[in-house]
Structures are given as structure tokens and as C-alpha cells.
Amino acid sequence: MRRISIFGATGSIGQSTIDLIDRDRESYEVEVLTGGRNIDQLAKDARRLNAKLAVTADETRLDDLRTALAGSGVEVAAGRIALTEAASRPVDWFMSAIVGAAGLEPGLRALEQGAVLALANKESMVCAGGLMLRTAKAHNTRILPVDSEHSAVFQALLGEDITSVEKVTITASGGAFRDWPIEDLVKATPQQAATHPNWDMGQRITIDSASMFNKALELIETKEFFDLKPSQVETVVHPESMIHALVGYRDGAYLAHMGAPDMRHAIGYALHYPERRDLPVARMDLVALGQLTFRKPCEIRWPALRQAREVMEAGGLMGAVFNAAKERALDAFIDERILFPQMAEVVDTVLTRLSAQAGHNTAEITLDKVAEADHLARQSADAVIAENT
Ligand code: NDP
């Protein structure tokens, strides 16, 4: 029996994880499930999977959760502190699938108690990659990537020497507005941005795919996770989303990872690592696929890619600043307070304003320093958004 916790259980990654666990229920003991506002889903899964504890991040929903789980024997808790405490409960395997910077601290706590961390929450690596890797090492455990591109890179690196790597290429579908005329992007609505051509994902990451903020975060995550130089990391647009990443080696060989766009592959790989087990994902039909295409991404259409390079070069806490500014700009776009292209403008202004402040380029990243940078960047982004509305 493996003891597991799923943080962000009510979301897209969380539900796909539960789908895999459900197929082999006898092998797992569920310690903690967490959610945010979706109390019905959290309670339903906590009952069915016989979880020991269910936590909602939303303190105002504790009574709702308690009522929904009455008589089930599942403990309940609510709020950020409860979430962090729940992450400290010993388990063998921990899925980090909260969206946003809120996923960082629970993931760190999980590493501190020695769990294998299946990391979907890319923001953790963007904000504090060094801290995450140091914590895993100090507690003799490991982080397994769940982002499909990073799982692909991880798999293409197996048995290889990282010093023989010349370049890592992660692919990008291009999102909802890949083929729109650039001048029409001012008219893009949150509903249109939240429709992905290939992947079925949560609302925020889907909009981030359309703006390529998601790919920008993933470029930074790649650099941090595999300890590469910014110049060794790149993206290409690949509309079919069948190749997830390629690792180019010094002898001119490229090892590519391919598969149908279904997150249950990367989740299942992290769940069963180092074994490969049967997974319920579609098999590829190369003949039906016919061809795979690639394009150079345009940084005028997707300024987030230029920003990712700047952030990688700056290092230090700029990843945390970038992510926080992006999160606030995304909130403002979803609330229709700013237009789609203004998200990148907000982030540009925040990066410029905060890079001038001392203390942001420190290499010694701690959770407190990340929290402070995150707070300053959110304040700065809110001010920029207010100036523009
Ligand atoms: P969703 O929005 O579908 O789910 C997010 C989860 O986090 C939900 O359980 C949500 O609760 C919970 N949540 C939201 N805000 C908070 C908060 N402040 N504190 C605690 N919990 C919170 O996201 P996804 O599943 O799409 O993505 C999760 C993470 O995985 C992200 O970092 C994303 O970038 C990454 N990822 C996702 C992929 C995908 O295919 N979806 C692919 C690769 C990476 P509730 O819904 O109950 O409010």
C-alpha cells in the first residue's frame, strides 16, 4: 500500500490523478485531498477514496465541507495554514497540483517529510527552483516532473549525461490565438482564450497557453529543473502537440518524446516511476497523423517568450516577480479589466520597476524572500493595472 496525498485534487490534474488511482484502488491509501472552492467535488472524492483528511484552501467554506462530509469519518480543515500543515503529514507520494504560487509552500513541506514530489505546479520551480531541488536533496527524496514537456525531457535524459546536452527544445501548441491576426488580439475574450485546440486543462493554464505565459513559465522551469543555461532552452510551435520535447546532444542526436496529448501519461509516469505500467492513454497512429509541423514562435505575438529569456538571464527572485505579476495580470484579464495584449504590458512594467530594486537578484533564495518578492510584484502589478483602467 502506498500512502499518497493529492493537493489541488478538484482541478484538472487532480482529477486525472484520481482517475488513475481509482483504477487500482487497493494499491493506495489516501491521506489528504485538497481543493479550493469546489466543495462538492472535494467531499465526493474524499468519501469515495476514504481519505483521512480533506482541506479546502478557502477558510469561509469550512462549514460547507464539514456538512458535506458529515458521518463519513473524514477529518476536515480549511485555510492556508491548515493546507501547509496537511502537507507535512508523512506520505510516500505527493501530487502538487494547486495552481499558482500558492502551491510552493505545500510542495516544500512535502519534500521536508521525505515524500516523492510529483510536480505539476510549475510555479514552484519558477519561483524557487534552487530551493526546491536543495530541499529534495537535503531530505533524500526526489521531484518528478508532471508537466508533459518536463516529463518528456526527464525521459529523454534517462541514462544520459547532462553535460552532453547541447539544447533542450520544448514544444508549444500556440494556444487559442495561434492563427489570429495580431491586430485582432485586442478583441480576444477570456472565454475564447480558455479554449485550447489540443489539451483539456484548467481555465488559467489554458489562457496562459494562448498568451504563451505558460510556455514562458515552462522555459524557466526547464532551465531550473535540469540546471541548464538560458541559451540551452528554447521552444518551437508544434500545432499537433505530439512531440512534447526534444533533447539535442553534442553528437548531433536528438531524443524526442512523443505521445497523445493526455496528462495521464505524465501523471502515470510519475506515479509508477521507475516502472512503466499500462496507462489508459490513446496510442499513436503515425499514418493517420500524416505529418508533424513546426514553426518559429513570433515574439511580437507572444512577448512572454522574450520576458522568459530576460527572467532566466536575471535569475534570483525575478522568476517569483514574473509569476506574481503574470497571475495578477491574468486575474485582471479574466475579470475583463484589461485586454489580452495588456497582460504582457503589465508584466513588462513590473519587471522593469522591480528589477531596479536591490535584493531581487540574490542567489540565496528562501521562502521568505520569495514571499516578499511575490507580494511586491502583486502590489506593483495592481498599481499598473489601476493606472491603465
Ligand atoms: P485547475 O485550475 O484545474 O485546478 C487547480 C487546483 O488548485 C484546484 O484544486 C483548485 O481548487 C486549487 N486551488 C486554486 N487556488 C488555490 C489556492 N489559492 N490555494 C489552494 N488551492 C487552490 O488547475 P490545473 O489542474 O490545470 O493546473 C494545476 C497546476 O498544474 C498548475 O500549476 C498548472 O500550471 C499545472 N499543469 C497543469 C496541466 C493541465 O493539463 N491542466 C499541465 C501541466 C501542468 P478549486 O478548483 O476547488 O477551487
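About the thresholds
Residues numbered from 1 in each chain as written. Predicted model: local features only at pLDDT ≥ 70, side-chain atom pairs only at ≥ 80, totals over all residues. Heavy atoms only, no water. Helix = DSSP H or I, 4+ residues; strand = E, 2+ residues; numbered from the N terminus. Buried < 20%, exposed > 50% of the residue type's maximum accessible area, 1.4 Å probe, protein only. Contact = heavy atoms within 4.5 Å. Axes fitted to C-alpha atoms, helices over the stretch in contact; angles between N-to-C directions. Parallel < 35°, antiparallel > 145°, perpendicular 65-115°, else oblique. Left-handed = near helix turned anticlockwise from the far one by under 90°. Nonpolar A, V, L, I, M, F, W, Y, C, P; charged D, E, K, R; others polar. Pairing = 2+ DSSP bridges. Polar contact = N/O pair within 3.5 Å; in protein donor to acceptor, adjacent residues only side chain to side chain. Right-handed = clockwise from strand over helix to strand, strands pointing away. Phe/Tyr/Trp six-rings, centres within 6.5 Å; stacked < 30°, edge-to-face > 60°. Near = heavy atom within 4 Å. Areas by Shrake-Rupley, 256 points an atom, 1.4 Å probe, with all protein chains shown as cover. Salt bridge = Lys/Arg side-chain N within 4 Å of Asp/Glu carboxyl O.

K.L.:
Explain the side chain of histidine 272 residue by residue, including any values.
P.N.:
Residue placement: histidine 272 occurs in helix α11 (residues 263–272). When its relative accessible area of 11% is taken as the criterion, histidine 272 is described as buried. The contact partners of histidine 272, leaving out residues within four places of it in the chain, are Tyr28, Arg277 and Leu279.

K.L.:
Tell me about the packing of helix α13 (residues 303–314) against helix α15 (residues 342–355), and please be specific about residues and values.
P.N.:
In the contact formed by α13 and α15, the axes pass within 10 Å of each other and the chain directions differ by 20 degrees. Classified by the interaxial angle, the pair formed by α13 and α15 is roughly parallel. The interaxial crossing formed by α13 with α15 has left-handed handedness. Between α13 and α15, the contacting residues are Pro303, Arg306, Gln307, Glu310 and Val311 on the first element and Ala344, Val347, Asp348 and Leu351 on the second. Taken together, the residues of the contact of α13 with α15 sort by class into 5 nonpolar, 1 polar and 3 charged.

K.L.:
Can you lay out the pairing of strand β8 (residues 165–172) for me, pointing to particular residues and giving the numbers?
P.N.:
The buried count for β8 comes to 6 of 8 residues, which makes it a mostly enclosed element. Bridge count between β8 and strand β10 (residues 243–249): 5 bridges; the pairing is antiparallel. Across the sheet, the residue bridging to lysine 167 is glycine 248, located in β10. Where β8 meets strand β9 (residues 233–237), 5 bridges bridge the pair, whose relative direction is parallel.

K.L.:
Tell me what's going on with the environment of arginine 89, and back it up with residues and numbers.
P.N.:
Tracing the backbone through its elements, the reader meets arginine 89 in the loop between α4 (80–87) and β5 (93–96). Separated by 24 residues in sequence, arginine 89 and glutamine 113 have C-alpha atoms that sit 7.3 Å apart. Once residues within four sequence positions are removed from consideration, arginine 89 is found in contact with Glu31, Val32, Lys52, Leu53, Glu75 and Gln113. Of note is the side chain of arginine 89, whose polar atom sits 3.1 Å from the side chain of glutamate 75.

K.L.:
So what's going on with the pairing of strand β4 (residues 75–78)? Residues and values would help.
P.N.:
Note that strand β3 (residues 53–56) and β4 share 4 bridges and pair parallel. From the neighbouring strand, leucine 53 faces β4, where its bridge partner is glutamate 75. A crossover links β3 with its parallel partner β4, the connecting element being helix α3 (residues 62–68), and its sense is right-handed.

K.L.:
Quick one: what's the story with the environment of alanine 282, residue by residue and with numbers?
P.N.:
Positionally, alanine 282 belongs in the loop between α11 and α12 (286–289). A relative accessible area of 52% means that alanine 282 is categorised as exposed. Distance from alanine 282 to histidine 265, taken between C-alpha atoms, is 9.6 Å for residues 17 residues apart in sequence.

K.L.:
Before we move on, can you summarise the packing of aromatic side chains with the specific residues and values?
P.N.:
Throughout the structure, instances matching the rule amount to 9 aromatic pairs. Measuring from centroid to centroid gives 4.4 Å for phenylalanine 177 and tryptophan 180, while their planes differ by 50 degrees, and the two rings are tilted. Assessed through its relative accessible area of 23%, tryptophan 180 is described here as partly exposed. Taken together, the ring pairs connect Phe177, Trp180, Phe333 and Phe340 into an aromatic cluster.

K.L.:
Kindly report on the site of the ligand, identifying the contributing residues and their values.
P.N.:
Contacts to the ligand come from 25 residues, most closely from Thr10, Ser12, Gly36, Arg37 and Glu123. The separation between an oxygen atom of the ligand and a polar main-chain atom of glycine 36 is 2.8 Å. At 3.4 Å from an oxygen atom of the ligand is found a main-chain nitrogen or oxygen belonging to alanine 120. Its free accessible area being 900 Å², the ligand has 83% of it covered by the protein chains. Residues belonging to the shell around the ligand are distributed by class as follows: 12 nonpolar, 9 polar and 4 charged.

K.L.:
Explain the pattern of salt bridges to me, and be specific about the residues and the numbers.
P.N.:
Taken as a whole and judged by the stated rule, the model has 35 salt bridges. Between arginine 264 and aspartate 19 there is a salt bridge, with the nearest N and O atoms lying 3.0 Å from each other. Of this pair, arginine 264 sits in helix α11 while aspartate 19 sits in helix α1 (residues 12–22); the two residues are 245 residues apart in sequence, bridging distant segments of the chain. Accessibility expressed as a relative area gives 17% for arginine 264, which makes it buried. Three or more residues are tied together by salt bridges with common partners; here these are Glu29, Glu31, Lys52, Glu75 and Arg89.

K.L.:
Account for α1, with residues named and values stated.
P.N.:
Each full turn of the α-helix corresponds to 3.6 residues, which orients residues three or four apart in the same direction. Buried residues of α1: Ile13, Gly14, Ser16, Thr17, Ile18, Leu20 and Ile21, and no others. Buried residues along α1 sit against β1 (2–7), β2 (28–35), α2 (39–48), β5 and α11.

K.L.:
I'd love a proper account of the sheet that holds β9, names of residues and values included.
P.N.:
Spatially, β9-β8-β10-β11 is the arrangement adopted by the 4 strands of the open sheet, whose pairing is mixed. If you trace the sheet from one side to the other, it starts and ends with β9 and β11 (254–258), each paired once. Geometrically, the sheet is characterised by an average inter-axis angle of 20 degrees between neighbouring strands, direction not taken into account. With 5 bridges joining them, β10 and β11 adopt antiparallel strand pairing. Its bridge partner lying in β11, alanine 245 is registered against histidine 257.

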